[in-house]
Amino acid sequence: MTAVAQADPFVPQIYRVGRVRRELADTTTLELTPLAGPRPAFEPGQFNMLYAFGVGEVAVSVSGATDATSFVHTVRDVGAVSAAIAKLEAGATVGLRGPFGTSWPVKSAEGADVVFVAGGLGLAPLRPAIYQVLANRSRYGRVVILYGSRNPKDLLYRGEMEQWRQRADVNVEVTVDHADADWHGSVGVVPALIRRAVFDRHDSVVLVCGPEVMMRFTANALREVDVAPDRVYLSMERNMKCAIGLCGHCQFGPAFVCKDGPVMRFDKIAEILAVREI
Ligand SMILES: Cc1cc2nc3c(=O)[nH]c(=O)nc-3n(C[C@H](O)[C@H](O)[C@H](O)COP(=O)(O)OP(=O)(O)OC[C@H]3O[C@@H](n4cnc5c(N)ncnc54)[C@H](O)[C@@H]3O)c2cc1C
Ligand code: FES
């Protein structure tokens with residue numbers, strides 16, 4: 001499941017910021033190209049440690065296609081380091097080490113229906129898996145994308161979501177917790193979409209990413225509609241330091257999110273996930 005990372009995982013390589021896209025008021029997508037050498041391979045679901053010089057280092061999932069020459073990352077400004085990265089302009093440099101962690105089971109899902117369930121920024125780590133499934137569309141059964149955010153103005157990648165929605169071979173459902181006057185779509189939380197989504201409950205693989213509380217409710221909703229827990233994968237988040245299983249900062253029960261995750265199978269973490277704020 002894990003792609004080859006750079007030689008010394010502790011040493012950040014220097015990357016130049018290419019195209020920058022301000023997605024939302026607090027969220028930016030950046031293309032990062034190595035100053036020297038090729039971009040390392042990665043698999044959908046993996047993350048890099050991005051280092052804003054003089055500020056600090058944070059974990060950020062790859063949000064772009066595997067076949068590009070740059071890494072694409074979508075960063076939300078929630079604190080000092082993410083703010084520094086989200087404000088970068090084209091031509092600036094950042095440190096980057098990675099990729100690290102486990103990946104979405106895109107290959108082993110072939111033949112089954114694939115359901116993506118995303119909450120808010122959780123669409124970013126799922127996007128490379130969506131690209132890969134759509135690039136090999138005939139190898140999968142139904143493809144369903146269920147996406148929710150707090151407000152319409154927080155919906156990520158709106159243009160792309162619209163393109164996916166236009167396809168006859170993809171079913172896209174979007175919901176918001178709080179509608180505004182211009183919103184004519186669903187209102188409610190993402191897990192509620194699961195009950196009415198059309199997919200084979202007994203032959204599907206479900207990939208879930210979003211705030212932990214949303215993932216907990218989603219996993220329970222999937223269980224209620226008879227999806228086996230070993231067919232459900234979640235991307236977990238914990239504060240990272242070393243990112244290679246040495247420091248213990250990202251401990252999640254007996255596991256380390258940096259090396260045993262971030263993508264984890266629900267049946268293996270159900271007990272720990274049921275305990276809030278562990
Ligand atoms: C595997 C992984 C993948 C991630 N992918 C992305 C991504 O694609 N895009 C993105 O914007 N962010 C992503 N994050 C979250 C990102 O790493 C944190 O937002 C960042 O570390 C915050 O650091 P800061 O210095 O900006 O803010 P801080 O000052 O450290 O924190 C600001 C606030 O965010 C909270 N916070 C800090 N770290 C986390 C965390 N890991 N999870 C939840 N809350 C946190 C703090 O409790 C505090 O309330 C990912 C995290 C992990 C572990
Ligand atoms: S971040 Fe150090 S063990 Fe995971």
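The coordinates are above.
Residues numbered from 1 in each chain as written. Chains lettered and ligands numbered in written order. Predicted model: local features only at pLDDT ≥ 70, side-chain atom pairs only at ≥ 80, totals over all residues. Heavy atoms only, no water.

Novice: Summarise the packing of aromatic side chains; cite the residues concerned and give the values.
Specialist: Tallied over the entire structure, the rule returns five aromatic pairs. A ring pair is formed by tyrosine 15 and phenylalanine 71, whose centres lie 5.9 Å apart and whose planes are at 35 degrees; its orientation type is tilted. You can see tyrosine 15 sitting in strand 1 (residues 13–24) and its partner phenylalanine 71 sitting in strand 5 (residues 71–76), a full 56 residues away along the chain. With a relative accessible area of 0%, phenylalanine 71 lands in the buried category. (Phe/Tyr/Trp six-rings, centres within 6.5 Å; stacked < 30°, edge-to-face > 60°. Helix = DSSP H or I, 4+ residues; strand = E, 2+ residues; numbered from the N terminus. Buried < 20%, exposed > 50% of the residue type's maximum accessible area, 1.4 Å probe, protein only.)

Novice: Help me get a handle on the packing of helix 2 (residues 123–135) against helix 3 (residues 158–166), residues and values and all.
Specialist: Interhelical geometry of helix 2 versus helix 3 gives an angle of 35 degrees and a closest axis separation of 13 Å. Considering how the two elements wind past one another, helix 2 and helix 3 form a crossing that is left-handed. Residue-level inspection shows Leu123, Arg127, Ile130, Tyr131 and Leu134 of helix 2 in contact with helix 3, the latter providing Glu160, Met161 and Trp164. Residue classes in the contact of helix 2 with helix 3 are distributed as six nonpolar, no polar and two charged. (Axes fitted to C-alpha atoms, helices over the stretch in contact; angles between N-to-C directions. Left-handed = near helix turned anticlockwise from the far one by under 90°. Contact = heavy atoms within 4.5 Å. Nonpolar A, V, L, I, M, F, W, Y, C, P; charged D, E, K, R; others polar.)

Novice: Summarise the sheet that holds strand 15 (residues 263–265); cite the residues concerned and give the values.
Specialist: On the basis of which strands lie adjacent, the open sheet formed by seven strands has the order 10-9-8-7-11-12-15 and mixed pairing. Whereas interior strands pair on both sides, the edge strands pair on one side only; in this sheet they are strand 10 (186–187) and strand 15. Relative to strand 9 (residues 171–176), helix 3 is tilted by about 135 degrees, and along the sheet it contacts strand 8 (143–149) and strand 9. Lying over the sheet, helix 5 (residues 212–224) contacts strand 7 (113–119), strand 11 (204–209) and strand 12 (232–235), oriented at roughly 160 degrees with respect to strand 11. (Pairing = 2+ DSSP bridges.)

Novice: I'd like a rundown of the nonpolar core, residues and numbers included.
Specialist: Counting 38 residues, the largest nonpolar core has Leu146, Val208, Leu234 and Met236 as its most contacted members. Core analysis: the second largest hydrophobic core is formed by 34 residues, Ala118, Leu156, Val205 and Leu207 among them. (Core = buried A, V, L, I, M, F, W, Y, C linked by side-chain atoms within 4.5 Å.)

Novice: Tell me about helix 2, and please be specific about residues and values.
Specialist: In a regular helix each residue adds 1.5 Å, so 13 residues correspond to 18 Å; helix 2 covers 18 Å between its end C-alpha atoms and thus fits that length. Counted residue by residue, helix 2 has ten buried out of 13 residues, so it is predominantly covered. Along helix 2, the positions that sit buried rather than exposed are Leu123, Ala124, Pro125, Leu126, Arg127, Pro128, Ala129, Ile130, Val133 and Leu134. (Expected span 1.5 Å × (residues − 1).)

Novice: Explain the side chain of glutamate 212 to me, and be specific about the residues and the numbers.
Specialist: On the secondary structure map, glutamate 212 appears in helix 5. Within the structure, glutamate 212 has its side chain in polar contact with the side chain of arginine 238 (distance 2.8 Å). Those residues in contact with glutamate 212 that sit more than four places away from it in its chain are Met236, Glu237, Arg238, Phe252 and Leu273. (Polar contact = N/O pair within 3.5 Å; in protein donor to acceptor, adjacent residues only side chain to side chain.)

Novice: I'd love a proper account of the site of ligand 1, names of residues and values included.
Specialist: Around ligand 1 there are 19 residues in total, and Ala59, Arg76, Ser82, Glu237 and Asn239 lie nearest to it. One of the backbone N or O atoms of serine 61 is found 3.0 Å from a nitrogen atom in ligand 1. The protein chains hide 68% of the 880 Å² of surface that ligand 1 would expose on its own. Looking at the shell around ligand 1, the elements that each hand over two or more residues are strand 4 (56–61), strand 5 and helix 1 (80–86). When residues in the shell around ligand 1 are grouped by element, the largest group, four residues, is from strand 4. In terms of residue class, the shell around ligand 1 is built from eleven nonpolar, five polar and three charged. (Near = heavy atom within 4 Å. Areas by Shrake-Rupley, 256 points an atom, 1.4 Å probe, with all protein chains shown as cover.)

Novice: So what's going on with helix 3? Residues and values would help.
Specialist: Along helix 3, the residues that are buried comprise Glu160, Met161 and Trp164. For helix 3, the angular spread of buried residues about the axis comes to 100 degrees, placing them on one side. Relative to its buried face, helix 3 has exposed residues pointing more than 90 degrees away, namely Gln163 and Gln166. Of the surrounding elements, those touching the buried residues of helix 3 are helix 2, strand 8 and strand 9. (Arc of directions from axis to C-beta.)

Novice: Can you tell me about the environment of asparagine 171, naming the residues and giving the values?
Specialist: Note that asparagine 171 resides in strand 9. What makes asparagine 171 partly exposed here is its relative accessible area of 29%. With 30 residues separating them along the chain, asparagine 171 and glycine 141 place their C-alpha atoms 12 Å apart. Not counting residues up to four positions away in its chain, the partners in contact with asparagine 171 are Val143, Val144 and Ile145.

Novice: Pulling in residues and values, what's your account of the layout of surface pockets?
Specialist: The computed volume of the largest pocket comes to approximately 1,300 Å³. Leu121, Gly122, Gly210, Pro211 and Glu237 are the residues nearest the centre of the largest pocket, which is lined by 44 residues in total. Elements with a contribution of two residues or more to the lining of the largest pocket: strand 4, strand 5, helix 2, strand 8 and helix 5. Here the lining of the largest pocket is built from residues that sort into 23 nonpolar, eleven polar and ten charged. Roughly 350 Å³ of internal volume is contained in the second largest pocket. Lining the second largest pocket are 19 residues; nearest its centre among them are Arg21, Glu23, Thr29, Arg127 and Tyr157. Here the element with the most residues in the lining of the second largest pocket is strand 1; it accounts for six residues. (1 Å grid on protein atoms, 1.4 Å probe; cavity = no way out; pocket = protein on both sides within 12 Å on 5 of 7 lines; lining within 4 Å. Points joined across faces, edges and corners; volume = space filled by probe spheres on them.)

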